[in-house]
Structure formats: C-alpha cells, structure tokens
Amino acid sequence: EIHTNEKEVTEKEVTLHLLPGEQLLCEASTVLKYVQEDSCQRGIYGKLVCTDFKIAFLGDDESALDSDETQFKNKIIGENDITLHCVDQIYGVFDEKKKTLFGQLKKYPEKLIIHCKDLRVFHFCLRYTKEEEVKRIVSGIVHHTLATKRLKRLFLFSYATAVHSNTPTNPKNHTVMFDTLEDWCWELERTKGSMKYKAVSVNEGYKVCERLPAYFVVPAPLPEESVSRFQGHGIPIWCWSYHNGCALLKMSALPKEQDDGILQTHKNFLDGIYRVIHRPPYEIVKTEDLSSNFLSLPDIQTAYSKFKQLFLIDNSTEFWDTDIKWFSLLESSSWLDIIRRCLKKAIEVIECLDAQNTSVLLVEENASDLCCLVSSLVQVMMDPHCRTRAGFQSLVQKEWVAGGHCFLDRCNHLRQSDKEEVPVFLLFLDCVWQLVHQHPPAFEFTETYLTVLSDSLYIPIFSTFFFNSPHQKEMNLGREGQDAHSTPLHLLTVWDWSVQFESRAQALLQNPLYVEKPKLDKGQRKGTHLKHQRQLSLPLTQSKSSPKRGFFREETDHLIKNLLGKRISKLINYSDELQDSFREFYDSWHSKPADYHGLLLPHIEGPEIRVWAQRYLRWIPEAQILGGGAVAMTSRLVGMMEEVRSLQEKINERHHHQTALPAEAPSLLRSSARLSSLFPFALLQRHSSKPVLPTSGWKALGDEEDLARREDEFVDLGEV
Amino acid sequence: MWWGGRGQSFNIAPQKEEPEMGELEEDLNLSSLDPPVSEEWVYTCGQHWNGHNLASPVGEQILAWAPGVRKGLEPELPGTLICTNLRVTFQPCGWQRRQETPLSSDYDFALVNIGQLEAVSSLSRVQLHRPGSLLKFIPEEILIHGRDFRLLRVGFEAGGLEPQAFQVTMAIVQARAQSSQTQQYSGITLSKAGQSSGSRKSPIPLLETPEDWETERKKQGANSWRVSLVNERFDVATSLPRYFWVPNRTLDSEVRRAFGHFHQGRGPRLSWHHPGGSDLLRCGGFYTASDPNKEDIRSVESMLQAGHSDVVLVDTMDELPSLADVQLAHLRLRALCLPDSSVSEDKWLSALEGTRWLDYVRSCLRKASDISVLVTSRVRSVVLQERGDRDFNGLLSSLVQLLSAPEARTLLGFQSLVQREWVAAGHPFLTRLGVTGVSEKAPVFLLFLDCVWQLLQQFPAEFEFSEFFLLALHDSVRVPDTLTFLRDNPWERGKQSGQFNSYTQVYTPGYSHPPAGNSINSQLSVWDWDLRYSNEQILQFHNPGYDPEHCQDSWLPRQQRGLSAPTITGLQDELSRLQELIKKWTPRTSPEDRSQKGDPNPILSQSR
C-alpha cells in the first residue's frame, strides 16, 4: 500500500497550488532539478511533490521566473508540473546506469529521469534527499503514474465532484458538441445534406449499440431496423456532404466469420444496404477499405515511438550526436512518411468527391480510428468552416468524440495495455499542422493552438479526451449522479480555453493572418474574430469563386445524371488508372493559385512534409533560433496590422470630424526583446551561445574602447 | 515563402529593347509583319516569327528550329524548339511574352547553361557532348539538362518534319561547342544595353578605382589602413585586384616583398574592419620554396599583425570540405532535385543527407559563426589563410560579415560584399563553375549562396533581400550578359573590358554619342538588374519582412499595388498608402508630437 497519508496541506508550501479535489500524496525535499542550458548543466534545489493529479517540482528560487518570463502560462499546468497522464517513461540512474522503472522497486535510484508525453525531459537528482523520502517519492511516482487504474479513479471525477457546487462556466463557445439530435440536424442543414440524409435517434439510450453515439445520420431511405441488425455494423453513417451533393460516409465492417451461412447473410444484408445508397438521387459510391491497403495501427505506433525518441534528449551532447544523422534518423522513423500517406489518402478521397462526383464510403473494423482521421482530414481540406476555430472544434467533436474514437485506450490513460496506445489523434493534428504550415492564411487558428490542443490530451480535468465513447461517458456520469447527487456531474470540455489560458495568452491561438470569407452564409458564421480584422478590408489576391457553387449547377448536375441514366450501381475499386487521375487532380490544383476559402490541398512531395518544430523541438534549447524563425515574420506582421488599424482609425476619425483632434502620429511599437523561433514556448532558456545576429550597426554602440570592454551575450567558445 | 520552390527557376531575357525594328530584322533575317507601335509593344512581340514570338537581343541569330511538344510536365505543350547562337528556347504555340510576366521565359536556356544534352529515339538514347559526336538517328525526343537544375524535354512530331528535328539537335550541339570554344560570352547581348545606358553608373561600386576602395575603407572606419596601388599593373599578382588595403605603416616596397612569399603572391590584406577595433584579414598559403630573409619575415609579420598585439591565424580549410567534396555533393544534389529524379518520396530525406551538401553548408556556417564570435565579441583580429586564397577565404569572410555587420545584410551591402570578396578578390568563377571544362570544378559560390539562404530562412526579418534575389543571383551566374561572373580573375576581366568597350561603339541611328570607351563605369555588371529583370521582379528582390529600422536608405522605392493580400507586402502597401493620407491631412506633425499609445497587440506587448 502506497503512502497516501494526508499531511497538513495548509501548513505546507504556499507555492503548491492544488486544484479543487486534488490531494497531496507524497513529497521529498532537497531534490536537485537539472536545468539544461546548452552545454552546461546547473541545478535548482527544491521539493518534489506527487499528488493524485500531477508531479510537481517546487523550486526554492522560483520567484525570478514567475513574473515576466511566463506570459504564455497555463493556469492548470505550471512549468514544472507533469500530470500523471503525461508521464511517458520513468528511468532511474543507478551507478551511472540508466534503467527503466516499473512495478515494485528493490533499489532506489540516485537520479530520476522522467520522459513526458509532451516531450519534456526532467532530471531529478535525489542524492541529497533523505533515504526514506527517496523511497516514498520514487515508489509513489512510479505507482501513481504507471500502475493500472480504474476509470472511476481518474482525477476527472474527483475534480468534477469538488467543483460541482460551482456554477458551470459557459463551455461551448460556439462549438457544436453533437450530443443532441438538433446538432446533427444543424450540421445537415449547413452542408445541405438534409435532402438525402436524415438524423436518427434509434440509438437513444444506447439501446442498439454502445459504440455509436446516441444520434447520428444515415441515408434517408435506410430502414431504421436495419441499424440494429448487426449492432450498427454494416450501416453507412453520414460524415459530411459536399456542395455537389456527394457525401462522405463511414461504416464499421461486419465481424469476420468463418461460417459460410453467416457470410451469406452478411452479403445479402450488405447488398441490401448498397441497393439503398446506389439508388438515385444518390451518387455512385466508392468504398475505401481502410483496413487493407492502408496504414495499420501497429505501423503508427512503431513509427511514433521511434520518432519521439529523436526529441527525448538527455543532454546537448546527445543532440549534436544525432544532429549529424538527423535526416536519416528522421526517415527511418517513417513518421513523416505516415503523415504523407494520410494526406495522400485524404486527397484521393477528395478527388472522388470533387472531380468524379462520387460519394465515398470509408470502411474500417470499428470505424473509429483511421476513419476518424481520414474523414476529418477530408473535411478540413474541403470545408472552409472546419478551418475556423469553432468549426475545427466541432469537427473534432463530431468525428472523434461522438465518432467513438477510443481516447482512453489510444492514450493509455488507464495504463491498461501498452499495445492499444496508438497516437492516432496526434497523427491527425500533425497532418493538420502540415496544412497550417503550408497555407497559414487559410486557418483561423495557429500552430500554437494545435500544440496546446495536443498537450490537453493529458490533462484529466477535461472530459473530452478521457472516454472511449459517448456511451462510456454517459454511463459513468449517470451512476455518479444517482448515487451522490441529484444532478449529474458537470465535466469541463477542453474547448473552454479560458480554463487553461488568460485571454492574453488565448490571443496566441488566433491567427492574425486569417481573413474571414467576405460573404458568409448566415448559418455558417459561428466563429469569433478579432474586431480589427473586419475593418482591415484587405481583399484577397486571388479570390476565385468556386464554379460549382450554387443550386443551379447542382440541380442541372442531377438532371443530366438522371437523363443520361448514369446509374451504375456497381462498386468501383481503386486501380492504377485512378493513380493517374489522382496525379492529374493534384497537379492541376497546385498549378492554380490557392483559394483559402475553397478546396485546400497540401503539398506531399518529399521535402514538403516537415517536422512540427514547435511541438517536438520546443524543449530543446539547441534547436531554437533567437530572434528568428517564422515567429520573427509573424510578430512583424502583427505589428504592421496594428499600425494599419490605428491609421485606418485615424482616417475614419478625420473623415468624420474635419476639425482635427490633436495630431497623434502612429506609435511604432515594436518588440525590444527577441522572440525565440519556438515562441511562445522555450521562453525560459535565456542563455544561448549561438551568435545572434546583431540588429543595429556598431556605430550606435559607442566608441571602440567601450566596445572592447563589453562582455556580450556571447559565451566563450575557447580558442578556435 | 510565397515564391520559388523546388525545381523552379527564373531566367529572364533582356528587356531593355530599343524600338529599332530595322536593325533587328537585319540581324535575324526575319520579316516583321507589323511596324511596332511602342517600345512596350516591341518587347511584347519581339519578332513575329512563324507565328511565334521571340523577344530577342541584337546579334542573335536563329540557327535552326523544329516543331515539338514539351513533355514531362502536365499539360504537354505544343510549340517550337529554336536554337540560336545564344540560347536554346522553346516557344509554346500562341504564347506571348508579356512584360508583366517575363518569368514565363522558363524555356530559355543560355548555351553556357546547358549541362547535358540527350537525344532519344525508341531504339537508343545517347548523350551528345562534342560537335563531332554524330547523331546516327532521327531523334524523337531531346532532353536538355540545365546547369541550373532545370530540365527541358521536347518530343518531336513525326510526319515529314524529321529532318528539322535532326537539324535543330545538331545545331544545338554545334552552337554549344562553339560558344565554349571561343569563350565569347560577353558582348553580343550587351551591345544594345550598352548604348542605351550610355554613361550609366554602376549601381554598386565595382572596386576598379582607388576611389572606390578609399570610400569603402572610410565607410568601415578602418583608419589604420590605406589603399595600396602596388598591384595597379597586376605585376604583384594577376589574381589580385589592382587595389587593396594594407596597414598604414607598411610601405609599398615592403608589400611587394612580403607578398612574394605567399602562394601566387596573395599576401595578407584587410577584408573587413570591425568597429570594435578588430580586423578580418585574408591571405594565401606561404610560398613553400621561398627563402625569406629577416627583413622579409619582419614585414610579413607586421602585415599579418597589422598593429594588433596578437592575431588568430585560422586555417580556412580545417573542418571544411575540399573542392572535390563540394563538386561531388553538388552533382548529387542536382541529380536529386531534377524533375526526373528516381528517388522515391519516402527516401528523399536520407538521399538529401547522402549528398552531404547540407553537411557542408553546416560546417561553413559553424566555422563562420565561430570566427564572428572571435572578431566581434572577443575583439580579436583574425587572419584567414587558405592556400589559394580564392575560394573558402571569400566564403568565410563574406559569411562572417553577414553575421556580424547589419550593413552587409542590406541589398546594397550584400552586392558590394560579393563584388569585393568574390569578384574583385579573384574567385575563379569560370573554372569553378566548369564553363571552361578545365578540372577543379566546384560550385563554391553556390555553396555560399546556400549558406546565405539558410541564414535568411533562420532570420527572415534581418535581411533586406529576399529569397527571390538569391535565386536571381544564382541564375545570373551562367547568364552570358556580363563579365562579373564569367572571368577567372580581375586581370582577365580588365583585359576584356577593353574589347567590351568596342561593342558600345556600334553605330546606331538615334544615338549620336556612343560613350567613349575610356569610362570604366560604362561597363555593365551583373548588378545592373534592370537589364534582365522587370521592375516588378526587382521589387521582389526586396524582403517585405525586413525591419526598415535596420536600413537608413532603402534600396528600392516601394510601389503601390491595387490588390493586397494579408501578407507583409500587402500590409506594407496599405501602410504606405495610409501614411500618405495621414500626411496630407496633418501637414505639420513634428516628431515631438508623437506620443506612445498603449499597445493592444498581444504578441508584441508580451515580448517586452
């Protein structure tokens, strides 16, 4: 039994901030935490604490860091906090040898190394700590992070119970949660799919299937009883409709059977289903079996575990050693290639929907992993609404949360099975990052948004990523509600960003380059935007309107189809011939200027798939460029937008009151500090031996003697 | 960035055309259909030729042509393959060379730019090297590999036109051979521009007069240095410029003596004076067979130390790749980047690593940044010593200046830097780029440009020039317009400029005063960008993200454009427009009136 003995929390550290419901489990003092600063290491003494929510280090001289360094501060997770779910691997150093720690420990290490899932690496030296404290803290940390947990023991529930009395915040901020019938109907309306598809409530109370959400959308003529026939398997479920009427559907495959009789029943059932969706007014449907000819989950798992090792670096020597073989190491992990294949698959599907006027049916065993990935990627690329923040969040709700992606298993939150731990959602975020990186003006959110979203996967106060399905969430909430209280627990959603960030920090999630579409459909306008962007009125350079848009064309399309009798109800499978049409589609899109409010395709050639530096490299001081990177451009750009806005304001004022106000020239506000290329992260590594390009001429700095005396920011490099 | 990319390149034909159709006609033996209306029109249409337009410099002669289809890229384009005495060009049907989009001369290959030529038929595929190499079949397709990474694939049509296909192929082989035999790269295309520019002043100092050197010396504040005239007749070293900087206290006779003990007479000279007091020098290796007396040793020492108590002597070649390494890496890189590269996408990264090109870029940058720390923060004088003093010394010294001196990162500063450290310092461009066919080919200059590009990538707000500018400079290396890059040393360049001047004296109606050949300033250099690039393109040389606080006088006037996107360029236009408006309304805004307002901007305020 592990030491959960309660201590007088109030008497303890004032600096230890506990969340409501959070309990201190064990602690150790005079722990030395190593701080990486390029080649040299120094340490900070402090206290190492383990609660039922996080592992925290409380440095003795924390005061200096607190003030201005951490503007992009997370209100829940401090700089030295590791949530228990964020711990990836724990190592102990015994006599200079590094060993993985797990289970019952016989010996206690002199040094503790914690690798986090957000790729931070912590080194704690326990040499100066009392022996019994070492035993307690090490076994405590190992137990609470690595041992198998029950779902109900998640901190999520303690937190929710503790804050229960509090009035729930307004969490939705325009995100559609897809937990009601209305939400699905709204989405059908928005995509103009309501003619051919209907939202059904056959699974209300999860009577039919626990894998499916309570409400979902199926082809209109599909009889509802067929849904229950194979517990929701073999049913085409609607994901999204394109404006030409084609739809993206998904289906969980029927269970594999040996018995010929059962197979025959399956076949008959599926034939019946296909007859329904091949009948007019439906387009031809192509099936895309994601279980074969595509990535497998073990592929993804292996690739990521190799890939992340490139960034979990213990010291700078290791960094420079791997640096020489960086590209081949990167390639051998094949993570980037997996990203490419996902993007390519999405483009193939898009080619069917857009160029061939064909609906696409994605088939997977449970329709909850690669189906989610491919269908959300397709929507991000095809539907500009999904590139707004509210739209993107709704998309994640629709395809991942309601779609039944097993977050609990895939993130291994309960430490039940390492085999199930596959970073499918992270892969999706990385694919989206490639798009954001290649087409920044098309997205309302920034890469920082994606990074903090990926971090939020491991914060167990948000319900979003801590259940395997809507059914599981409902079950666990309901029971709790009946037992203890009259009302069900209120769980936070991750989309309530104000829980994690102050509004100043939240501004970094918003892309200043994003310009709303000039003319918006009323139903589509959900996102919130910075006020000044509308005033800017900068027209887009190439705003071409999509030629296929509008009713007229859609209508005639159908007319032609019906007249010509193009009713081929045959399953067409992918072939080499398709490879050519893919290439043609891809090349022709890229040969035209991009419309940021239309279809958006990524480049997928070898050099174009990049490493998501902000997420993966942010904790490595060697990898940051002070005063450089895309951040330098962005901050300059934001400064100019601000200036334009203020000038515009002034002009407007003058137009209205010709009798001028006191002349107030634009204030050229620029940053005096140089931002890191990994901004807003990596703020804490201040000392860098890398030569920084001086910005001002030397003449401004005074005479030669003065300069000679100056000890610059440059660090002694030794004789060359 | 919003331009460029893999496999894209820009190679633009001269644009300063004079509306003198008569002469053009004679030269080309072609008939024009319509009289030109305006200068622009002439540019637009150039020559009407078989339905195709060829904007053509004077002196260009069409040697052969054949109808063909551009292949390899979608869509395939029908058109005509033309070989002239200057270039090979493909003219798509119905395609008009327009002023606004001169970029579309993607299909121009200067003869010197042609690296490989392949003729393909269904039976065989041969490389054509020499004029003697006889083509034994009618080619169905011809592949032209540009040295600048481009590839042009033209398929010929069957049906009676086979002789033409054969002719044009052979013509290309011959023209290419001739152009490299006689080394007549300059002149022809220049005659026209030479007249029009008259006594035009070079946009940057070419460092061919003592005055240029004196001005630059003063600008750097190198007070303990003077311009030496000792090499005015190139009798100390032909590879050195006529003028260079030596310590004040050293006499010319000492310089002459001391330089004799260095490889090819390239003794220590000042490259850059750091305002903090340290100096960056470069010199060749010690001449091994020399037997210096005491006095010589003393003058060599005093020249190396140049008044400093201690000086760091850096062996340039230490930790840097050899010339052969660079050449090999570049060949591999080119093979990888050609459109028909066989490397699959998932193996691209390791193939890139395998070229080692980036490795070499890295070692150059690392060494340069080490030296820059020495020179700037530790205020130590550094002497770069390389045996030949004509390759990596120039590369390192330029990089150090780019890292340490903000002035070198302006457009003007960078061009003077290249002119001083590469052109004047005698980098053997012709040999290194392999135009002469001599061995010792190694694209050191291109390696340097790649280093600069990396810096530009990493510090996008610190450079006044853009990626596009670097690309233009990269492409200009092989354009046979100017002498800048097409000579091995200043002496040859000087010799040539005499010949060169004769081209400006071609009689032309309308110009009564051809400039006298004595003015050295009338020589055109690669820096006369307006000869080859449109205003629109020259505007793109400018990095819109550059912080104008760093540069006092901007090199380019900013133009207003009608359309603006939410890009930096768009905002800048908007900004200047609005500022104009503000100025109109408030005629008297003194700087004192400017009050600081609260900053509503999250990113900027946070960084303070």
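- Chain B is annotated in an unreviewed UniProt entry as Myotubularin-related protein 11 from Myotis brandtii.
- The annotation that UniProt attaches to chain B under Sequence similarities (unreviewed entry) is "Belongs to the protein-tyrosine phosphatase family. Non-receptor class myotubularin subfamily."

- As recorded by an unreviewed UniProt entry, chain A carries the name Myotubularin-related protein 12 and is attributed to Myotis brandtii.
- Its UniProt record gives chain A a comment under Sequence similarities (unreviewed entry), which states: "Belongs to the protein-tyrosine phosphatase family. Non-receptor class myotubularin subfamily."
- Reading the Function (unreviewed entry) entry of the UniProt record for chain A gives the comment "Acts as an adapter for the myotubularin-related phosphatases. Regulates phosphatase MTM1 protein stability and possibly its intracellular location. By stabilizing MTM1 protein levels, required for skeletal muscle maintenance but not for myogenesis."

## Some remarks on the overall build of chain B
For step 1, the next point in the chain: When its secondary structure is counted, chain B shows 19 helices and 16 strands.
For step 2, the next point in the chain: The buried share of chain B, reckoned over its 608 residues, is 59%.
For step 3, the next point in the chain: Put simply, of all contacts in chain B between residues at least 6 apart along the chain, 67% involve residues at least 24 apart.

## Some details on the overall build of chain A
For step 1, the next point in the chain: When helices and strands are tallied, chain A shows 23 helices and 14 strands.
For step 2, the next point in the chain: Per-residue burial for chain A yields a buried fraction of 57% across its 720 residues.
For step 3, the next point in the chain: Partitioning the intrachain contacts of chain A with sequence separation of at least 6 by distance along the chain shows that 72% fall at a separation of at least 24.
For step 4, the next point in the chain: Approximately 31,700 Å² of chain A is accessible, and the part contributed by carbon and sulfur atoms is 52%.

## Section: the domain arrangement of chain A
Residues and elements named next belong to chain A.
For step 1, the next point in the chain: What the domain assignment lists for chain A is domain 1 (24-147) and domain 2 (181-479 + 489-508).
For step 2, the next point in the chain: Listed per partner, the contact involves 31 residues of domain 1 and 31 residues of domain 2.
For step 3, the next point in the chain: When the two sides are added together, the surface that domain 1 and domain 2 hide from each other amounts to roughly 2,400 Å², 55% of it contributed by carbon and sulfur.
For step 4, the next point in the chain: Of all residues in domain 1, Phe-72, His-85 and Lys-117 bury the most surface against domain 2, accounting for 28% of the area lost on that side.
For step 5, the next point in the chain: Put simply, Asp-314 and Lys-98 hold a salt bridge, and the shortest N to O gap is 2.8 Å.
For step 6, the next point in the chain: At the level of elements, strand E5 (87-94), strand E7 (111-116), strand E8 (121-125) and helix H2 (131-146) are the ones that each hand at least two residues to the side of domain 1 that touches domain 2.
For step 7, the next point in the chain: In terms of residues, the side of domain 1 that touches domain 2 owes the most to one element, E7, which gives three residues.
For step 8, the next point in the chain: A class-by-class count of the residues in the side of domain 1 that touches domain 2 yields 13 nonpolar, ten polar and eight charged.

## Structural notes on the pattern of salt bridges
For step 1, the next point in the chain: Inspection of every chain in the model, using the stated rule, returns 40 salt bridges over all chains.
For step 2, the next point in the chain: The closest approach of N and O atoms between Asp271(A) and Lys267(A), which form a salt bridge, is 3.5 Å. In this pair, Asp271(A) and Lys267(A) both sit in helix H6 (residues 260-278), four residues apart, roughly one turn of the helix.
For step 3, the next point in the chain: A relative accessible area of 29% means that Asp271(A) is categorised as partly exposed.
For step 4, the next point in the chain: Overall, the relative accessible area of 47% leaves Lys267(A) in the partly exposed class.
For step 5, the next point in the chain: Salt bridges linked by common partners bring Glu216(B), Lys219(B), Arg266(B), Arg269(B), Arg282(B), Asp389(B), Arg420(B) and Glu421(B) together as one network.

## What to know about the environment of Cys352(A)
All names here are of chain A.
For step 1, the next point in the chain: Inspection of the secondary structure assignment puts Cys-352 in helix H10 (residues 335-354).
For step 2, the next point in the chain: For Cys-352, a relative accessible area of 0% corresponds to the buried category.
For step 3, the next point in the chain: Taking the C-alpha atoms as reference points, Cys-352 and Phe-585, separated by 233 residues in sequence, lie 9.9 Å from one another.

## With respect to the packing of aromatic side chains
Residues and elements named next belong to chain A.
For step 1, the next point in the chain: Going through the model one piece at a time under the given rule, you end up with 56 aromatic pairs over all chains.
For step 2, the next point in the chain: Relative to Trp-320, the ring of Phe-319 has its centre 5.0 Å away and its plane inclined at 85°; by these criteria the two rings are edge-to-face.
For step 3, the next point in the chain: What makes Phe-319 buried here is its relative accessible area of 10%.
For step 4, the next point in the chain: Overall, Trp-320 belongs to the partly exposed group, its relative accessible area being 40%.
For step 5, the next point in the chain: Directly above the ring of Trp-619 sits Arg-120, whose terminal nitrogen or CZ lies 5.9 Å from the centroid.
For step 6, the next point in the chain: Positioned above the aromatic ring of Phe-157 is the side chain of Lys-152, whose terminal nitrogen or guanidinium carbon lies 4.8 Å from the ring centre.

## Some remarks on the nonpolar core
If you look at soluble globular proteins, the nonpolar side chains tend to sit buried side by side.
For step 1, the next point in the chain: Core analysis: the largest hydrophobic core is formed by 230 residues, its most contacted members being Phe392(A), Phe428(A), Ile461(A), Leu399(B), Phe414(B) and Phe448(B).
For step 2, the next point in the chain: With twelve residues, the top contributor of residues to this core is H10(A).
For step 3, the next point in the chain: Those residues within four positions of Ile461(A) in sequence are excluded, and the remaining contacts are Leu19(A), Phe53(A), Ile76(A), Phe155(A), Leu156(A), Tyr159(A), Leu492(A) and Val499(A).

## Some words on the side chain of Gln419(B)
For step 1, the next point in the chain: For Gln419(B), the location among the structural elements is in helix H12 (residues 411-424).
For step 2, the next point in the chain: Once residues lying within four places of it in the same chain are set aside, the contact partners of Gln419(B) are Ile204(B), Pro205(B), Leu206(B), Leu207(B), Ala424(B), Thr484(B) and Trp527(B).

## A short note on the side chain of Ser299(B)
For step 1, the next point in the chain: Take Ser299(B): it is sitting in helix H7 (residues 294-305).
For step 2, the next point in the chain: In this view, Ser299(B) contacts Glu254(B) and Ala258(B); residues no more than four positions away in its chain are not counted.

## Here's the deal with the confidence of the model for chain A
For step 1, the next point in the chain: On average, residues of chain A score 79 in pLDDT, and 76% of them are at 70 or above.
For step 2, the next point in the chain: Contacts from residues 1-14 of chain A, a stretch scored under 50 in pLDDT, to residues over four places away or in other chains number 18 contacts.

## Examining unusual backbone geometry
For step 1, the next point in the chain: Positive phi, close to 75°, is recorded for Leu119(A), a residue that is not glycine.
For step 2, the next point in the chain: For Leu119(A), the position within the fold is in the loop between E7 and E8.
For step 3, the next point in the chain: A relative accessible area of 3% places Leu119(A) in the buried class.
For step 4, the next point in the chain: The backbone phi angle of Leu207(B) is positive, close to 60°, even though this residue is not glycine.
For step 5, the next point in the chain: Along the chain, Leu207(B) turns up in the loop between helix H4 (190-197) and helix H5 (210-220).

## Some details on the environment of Ile604(A)
For step 1, the next point in the chain: Positionally, Ile604(A) belongs in the loop between helix H20 (576-590) and helix H21 (613-616).
For step 2, the next point in the chain: Placed 267 residues apart in sequence, Ile604(A) and Asp337(A) show a C-alpha to C-alpha distance of 9.4 Å.

## A look at the sheet that holds strand E3 (residues 62-71) of chain B
All names here are of chain B.
For step 1, the next point in the chain: Within the open sheet, the eight strands sit side by side as E6-E5-E4-E3-E10-E9-E7-E8. Their pairing is antiparallel. What marks the edges here is a single partner per strand, and that holds for strand E6 (108-110) and strand E8 (125-127). For this sheet the average axis-to-axis angle between neighbouring strands, irrespective of direction, equals 30°.

## Quick word on H2(A)
Residues and elements named next belong to chain A.
For step 1, the next point in the chain: With 16 residues, H2 should reach 22 Å at 1.5 Å per residue; the first-to-last C-alpha distance of 22 Å fits that figure.
For step 2, the next point in the chain: Of all 16 residues that make up H2, twelve are buried, and the element is covered over most of its length.
For step 3, the next point in the chain: Among the residues of H2, those classed as buried are Glu-133, Val-134, Arg-136, Ile-137, Val-138, Ser-139, Gly-140, Ile-141, Val-142, His-144, Thr-145 and Leu-146.

## As for helix H15 (residues 447-456) of chain A
Residues and elements named next belong to chain A.
For step 1, the next point in the chain: Burial analysis of H15 places nine of its ten residues in the buried class, which makes it a mostly covered element.
For step 2, the next point in the chain: Within H15 the residues assigned to the buried category are Thr-448, Tyr-449, Leu-450, Thr-451, Val-452, Leu-453, Ser-454, Asp-455 and Ser-456.
For step 3, the next point in the chain: On its buried side, H15 packs onto helix H12 (389-401), helix H14 (424-438) and H21.

## Section: the pairing of strand E13 (residues 269-273) of chain B
For step 1, the next point in the chain: Burial of E13(B) is extensive: five of the five residues sit out of reach of the surface.
For step 2, the next point in the chain: Once E13(B) ends, the chain turns through five residues before running back antiparallel as strand E14 (residues 279-283) of chain B, passing Gly277(B) with a positive phi of about 120°.

## Observations regarding the packing of H14(A) against H15(A)
All names here are of chain A.
For step 1, the next point in the chain: In contact at an axis separation of 10 Å, H14 and H15 are set at 175° when each is read in the N-to-C sense. By the criterion of interaxial angle, the relationship of H14 to H15 is roughly antiparallel. Between H14 and H15, the contacting residues are Phe-425, Leu-426, Leu-429, Val-432, Trp-433 and Val-436 on the first element and Glu-447, Leu-450, Leu-453 and Ser-454 on the second.

## A closer look at the sheet that holds strand E15 (residues 311-315) of chain B
Residue and element names in this part refer to chain B.
For step 1, the next point in the chain: Read across the sheet, four strands follow the order E13-E14-E16-E15 without closing on themselves; strand pairing throughout is mixed. Sheet topology places E13 and E15 at the edges, where each strand pairs with a single neighbour. Across the sheet, the mean angle separating the axes of adjacent strands is 25° when strand polarity is ignored.

Procedures and definitions
Sequence positions are assigned chain by chain, starting from 1 and proceeding in written order. Written order decides the labels, with chains lettered from A and ligands numbered from 1. Whole-chain, interface and lining totals are the exception, using all residues; otherwise, since this is a predicted model, local features are given only for residues with pLDDT of at least 70 and side-chain atom pairs are given and counted only at 80 or more. For side-chain calculations, the full set of non-hydrogen atoms in the structure is used, while hydrogens and water are omitted. UniProt positions are given in the numbering used here, feature names are shortened, and annotations may be inferred rather than shown by experiment. By the criteria applied, helices consist of DSSP H or I runs no shorter than four residues and strands consist of E runs no shorter than two, each listed in order from the N terminus. Exposed residues in this analysis have more than 50% of their type's maximum accessible area, buried residues have under 20%, and partly exposed residues fall in between, with area computed by a 1.4 Å probe over protein chains only. Contact definition: two residues touch when any of their heavy atoms are within 4.5 Å. Throughout, the Shrake-Rupley method with a 1.4 Å probe supplies accessible areas, and for residues the shown protein chains are the sole cover considered. Residue ranges for the domains originate in an automatic or database domain assignment. Simply put, the buried area is the total loss of 1.4 Å probe accessible area from both parts when two parts are fitted together. Whenever Lys or Arg places a side-chain nitrogen within 4 Å of a carboxyl oxygen from Asp or Glu, that contact is recorded as a salt bridge. Following the grouping adopted for this structure description, the nonpolar residues are Ala, Val, Leu, Ile, Met, Phe, Trp, Tyr, Cys and Pro, the charged ones are Asp, Glu, Lys and Arg, and the polar ones are all others, Gly among them. Note on aromatic contacts: the rings of Phe and Tyr and the six-membered ring of Trp form a pair at centre separations within 6.5 Å, being stacked when their planes are under 30 degrees apart, edge-to-face when over 60 apart, and tilted otherwise. Only Lys NZ and Arg CZ are tested; either one counts as a charge over a ring when it is within 6 Å of the ring centre and within 35 degrees of the ring normal. Note on terminology: a nonpolar core comprises buried Ala, Val, Leu, Ile, Met, Phe, Trp, Tyr and Cys residues joined through side-chain atoms within 4.5 Å. The pLDDT score gives, residue by residue, the confidence of the prediction method on a 0 to 100 scale. The pairing criterion for strands is at least two bridges between them, as found by DSSP. To obtain an axis, a line is fitted to C-alpha atoms, over the contacting stretch when the element is a helix, and the angle between two such axes runs from 0 to 180 degrees between their N-to-C directions. One fewer than the residue count of a helix, multiplied by 1.5 Å, yields its expected span. When describing relative orientation, an angle under 35 degrees is termed roughly parallel and one over 145 degrees roughly antiparallel, while 65 to 115 degrees is termed roughly perpendicular and anything else oblique.

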